[in-house]
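# Summary of the model geometry
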Amino acid sequence: MMLILTVETTFDVRFHRKRKTMSKRETSQIANSVVVCEAGCILEALENRIGSEGLMVPLDLGARGSCHIGGNVATNAGGLRLMRYGGLHGNVLGLEVVLANGSVVDCLSTLRKDNVGYDVKQLFIGSEGTLGVITKVALQCVARSSSVNLAFLGCVSFEFVYKTLRLARNMLGEIISAFEMMDCESLKTVQRNLKLRSPIEPITRFPFYVLMETSGSNQKHDEEKISAFVESAMEDGCVGDGGLYSQTAQMRSLWELREGIPAAALKDGYVFKYDLSLPPESLYDIVCDLRSRLDGADSLVKGFGHIGDGNIHIIVSTPNYDPEVHALLEPYVFEWVSRNKGSISAEHGVGQLKRNYVHFCRSNETIQLMQGIKMHFDPRGILNPYKVLSPAK
């Protein structure tokens, strides 16, 4: 027997200077763990609704309470669960998209295996609305874990953070779901500006902290595994101190520390933000380099992110916008990433601010191909203009 879930969504969309409100009821095939929803569905609302059926969305973001599924897909959002469940290129099964000429492309398949011709929907995932407007999404969901545990760990160097990650992959492979790193400067900012407390005090005891999550189906089994992991990490010297947490309130407080970093940094003044992918073992080198480069400037450099995915977020705070600091940062950051075989946009997209730097991680031939795709779908350049690509010369 197939269970049917009804999801109500409302989405305001402006397209071709017309505004209409889409509010309709969508059915989702729960028997196949697939949800079909309007693009304007709020991530947290969808998560709460399908949670009653023992499912969850394979995507989780700090902005879950305000972000739309359509926007998540259009920007190919990564988030906290990518390490366990993969990205949206694999979890989106189908899309409905409105093209620049007004035609509707129906690729709204709910099949996990469908190998007929080109996988057209992939073009729109991560295109940032420059090729079409996503109106519906078919998303495969995953079973909600009945056993969730967190470990909060202090490490004396980033080398030990990386060693802890490798040990976690070896010992917790089937249940590890997130592995987040925060440097001491990030946690000091959260403590100072949001008045949140760290379970390890004082914060300055360690230069790096790890927040690691496991998700499984057997609490006793999972607790035994994560306890053995932490004990081994301490014996190896990778971890200097730490604790295990399984109560909901405790875990929520720990996630607030990690997710509160961007908001806390805004209270320090103006922020320059970078979302980078780099080889995991050298992920933090760029933070050290920037601190040396900005030595003497009135700035704070913070590094944190999804270390399990090779993704680091860097925030440089100044009391006010400082053009000299800006000149020291760009294009230096993008050149540094290019030399080290990384990506200038791990999960936040290109938008307008990075479009002139795409050549640092894409070849001329690739850029020309992307410009050709844009011209085919949107010859008049009316869809999210001036984003992602510079105009073809």
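Up top is the structure.
Residues numbered from 1 in each chain as written. Predicted model: local features only at pLDDT ≥ 70, side-chain atom pairs only at ≥ 80, totals over all residues. Heavy atoms only, no water.

### A short note on the pattern of salt bridges
What the rule picks out here adds up to 15 salt bridges. The partner of Arg144 in a salt bridge is Glu47, and the shortest N-O contact between them spans 3.0 Å. A residue pair is termed long-range when its members are at least 10 positions apart, and Arg144 in the loop between strand 8 (142-143) and strand 9 (147-155) and Glu47 in helix 1 (residues 43-51) qualify at 97 residues. The partly exposed category is assigned to Arg144, whose relative accessible area is 36%. Residue Asp60 is joined to Arg64 by a salt bridge in which the shortest nitrogen-to-oxygen separation is 2.7 Å. Relative accessible area serves as the criterion here: at 14%, Asp60 is assigned to the buried category. A relative accessible area of 15% places Arg64 in the buried class. Through salt bridges that share partners, Asp60, Arg64, Arg252 and Glu259 make up one connected network. (Salt bridge = Lys/Arg side-chain N within 4 Å of Asp/Glu carboxyl O. Helix = DSSP H or I, 4+ residues; strand = E, 2+ residues; numbered from the N terminus. Buried < 20%, exposed > 50% of the residue type's maximum accessible area, 1.4 Å probe, protein only.)

### A few points about the state of the cysteines
Counted under the stated rule, the structure contains 0 disulfides. For the unlinked cysteine Cys155, the closest cysteine sulfur is that of Cys238, found at 7.3 Å. Accessibility expressed as a relative area gives 0% for Cys155, which makes it buried. Taking the relative accessible area as the measure of exposure, Cys238 reaches 6% and is therefore buried. (Disulfide = S-S within 2.5 Å.)

### What about the sheet that holds strand 12 (residues 241-245)?
Pairing is antiparallel in the open sheet, where 7 strands are placed in the order 12-9-11-10-14-15-13. The sheet terminates laterally at strand 12 and strand 13 (270-277), the two strands that pair on one side only. Sheet twist, expressed as the mean angle between neighbouring strand axes with direction ignored, is 15 degrees. Running at roughly 100 degrees to strand 14 (residues 300-306), helix 7 (residues 184-194) makes contact with strand 9, strand 10 (176-183), strand 11 (208-216) and strand 14 of the sheet. (Pairing = 2+ DSSP bridges. Axes fitted to C-alpha atoms, helices over the stretch in contact; angles between N-to-C directions. Contact = heavy atoms within 4.5 Å.)

### Points about the packing of aromatic side chains
Two measures describe an aromatic ring pair: the distance that separates the ring centres and the angle between the ring planes. Considering all chains together, one arrives at 12 aromatic pairs under this definition. Here Phe152 and Tyr209 contribute two aromatic rings whose centre-to-centre distance is 5.6 Å and whose plane-to-plane angle is 20 degrees, an arrangement assigned as stacked. Placement of the pair is Phe152 in strand 9 and Tyr209 in strand 11, with a sequence separation of 57 residues. Overall, the relative accessible area of 0% leaves Tyr209 in the buried class. In this structure, Arg293 packs its charged tip against the face of Tyr332, placed 3.9 Å from the ring centre. (Phe/Tyr/Trp six-rings, centres within 6.5 Å; stacked < 30°, edge-to-face > 60°. Lys NZ or Arg CZ within 6 Å of the ring centre and 35° of its normal.)

### Some details on the side chain of Asn149
Looking at the element boundaries, Asn149 is found in strand 9. A polar atom in the side chain of Asn149 sits 3.1 Å from the side chain of Gln219. Discounting residues that sit within four places of it in the chain, Asn149 has contacts with Met212, Glu213, Thr214, Gln219, Asp222, Glu223, Ile226, Tyr245, Ser246 and Met251. (Polar contact = N/O pair within 3.5 Å; in protein donor to acceptor, adjacent residues only side chain to side chain.)

### Describing the sheet that holds strand 7 (residues 133-140)
The 4 strands lie next to each other as 3-7-5-6, forming an open sheet whose pairing is antiparallel. What marks the edges here is a single partner per strand, and that holds for strand 3 (34-38) and strand 6 (104-107). For this sheet, the mean inter-axis angle between neighbouring strands, taken without regard to orientation, is 15 degrees. Examined bridge by bridge, strand 3 and strand 7 share 5 bridges and lie antiparallel to one another. Residue pairing in the sheet places Val34 in a bridge with Gln140 of strand 7.

### Considerations on a nonpolar patch on the surface
A surface patch of nonpolar side chains, amounting to about 340 Å² of accessible area, comprises Tyr118, Val120 and Leu123. Here Leu123 shows up in helix 5 (residues 121-124). (Patch = residues over 30% accessible without salt bridge, like charges linked within 9 Å, V, L, I, M, F, W, Y side chains within 5 Å. Areas by Shrake-Rupley, 256 points an atom, 1.4 Å probe, with all protein chains shown as cover.)

### Some details on unusual backbone geometry
A cis amide bond, omega -10 degrees, links Glu201 with the succeeding residue Pro202. Tracing the backbone through its elements, the reader meets Pro202 in the loop between helix 7 and strand 11. The phi angle at Glu128 is positive, at roughly 60 degrees, despite the residue not being glycine. Tracing the backbone shows Glu128 in the loop between helix 5 and strand 7. Its relative accessible area of 13% is what places Glu128 among the buried residues. Positive phi is not limited to glycine here, since Lys195 has a value of about 60 degrees. As for its placement among the helices and strands, Lys195 is situated in the loop between helix 7 and strand 11. Assessed through its relative accessible area of 66%, Lys195 is described here as exposed.

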